[in-house]
Amino acid sequence: MLISLDISGAFDSLQYSSIRDRFASLSLYSNISETLLDTLRNRKVAMQTSELPVLWEQTQGCPQGSCSGPAFSNIVADKILSVQWPQGVHLQAFADDFAFIVTDNTREGLRKLSKLALDKFKDWADKNKMHVSIEKSSHVLFSKLVRGPTIKWGNQSISRKNHLKYLGVTIDDKLSCLPHVIEQGKRVMDQYQHLCRIAGRT
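- An unreviewed UniProt entry lists the protein chain under the name Reverse transcriptase domain-containing protein, with Araneus ventricosus as the source organism.

Let's talk about the domain arrangement of the protein chain
Link 1 in the chain: For the protein chain, the assigned domains read domain 1 (2-167) and domain 2 (168-201).
Link 2 in the chain: Look at where the C-alpha atoms of domain 1 and domain 2 centre, and you get two points 30 Å apart.
Link 3 in the chain: Each partner contributes residues to the interface: domain 1 has 10 residues there, and domain 2 has 8 residues.
Link 4 in the chain: The contact between domain 1 and domain 2 buries some 830 Å² in all, and 54% of this surface belongs to carbon and sulfur atoms.
Link 5 in the chain: Its largest share of buried area at the contact with domain 2, domain 1 owes to Phe 142, His 163 and Lys 165, together 49% of the area lost on that side.
Link 6 in the chain: Summed over the shared surface of domain 1 and domain 2, the number is 1 salt bridge.
Link 7 in the chain: Run the count over domain 1 and domain 2 and you get 6 residue pairs in polar contact (both at pLDDT 80 or more).
Link 8 in the chain: Among the elements that line the side of domain 1 that touches domain 2, the one with the most residues is strand E10 (residues 163-166), at 4 residues.

Cut-off values and rules
Residues numbered from 1 in each chain as written. Predicted model: local features only at pLDDT ≥ 70, side-chain atom pairs only at ≥ 80, totals over all residues. Heavy atoms only, no water. Domains from an automatic or database assignment. Contact = heavy atoms within 4.5 Å. Buried area = accessible area lost by both parts, 1.4 Å probe. Salt bridge = Lys/Arg side-chain N within 4 Å of Asp/Glu carboxyl O. Polar contact = N/O pair within 3.5 Å; in protein donor to acceptor, adjacent residues only side chain to side chain. Helix = DSSP H or I, 4+ residues; strand = E, 2+ residues; numbered from the N terminus.

Now the structure itself:
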């Protein structure tokens, strides 16, 4: 089973306090850590009003296109990625896209392992003030089980789908790659027709 989790505004909600806490546990040369942490100090947001500029302290947010943003995000994410998961659970991540692979031969086994993994992930997300969008999260079951387990994030169910897209690849419950091939074929045809319109008739 594949569980894809969507973190809403992961870079925008990245807490400076979480970054500092992780730096404190890393064995880095002081000049490196102090230089990086210095970019988070004395940051303020300014907004011009009709009367005068308003300033307030910035405590979160790293631009996604910046050089340091992904590094800070990886440092915070490393905490959950380094967890020793039980057999049958694997957590994969790329930037702010997280996915669990959960394997077991029974419906109840899948439910228990998924609950354990998601509860631990939720604790990490809540501690770092990150919000997982249930509407954009989903799971796919690769199994011959007639009825799969109910996968929950807290008290909310994560929807089951026949296929989902992760890192640009459409993964279906039969692992046939057919939905991905069809989608890519449509994109190629759209681009071909677009080029034909630009080039005109010859």
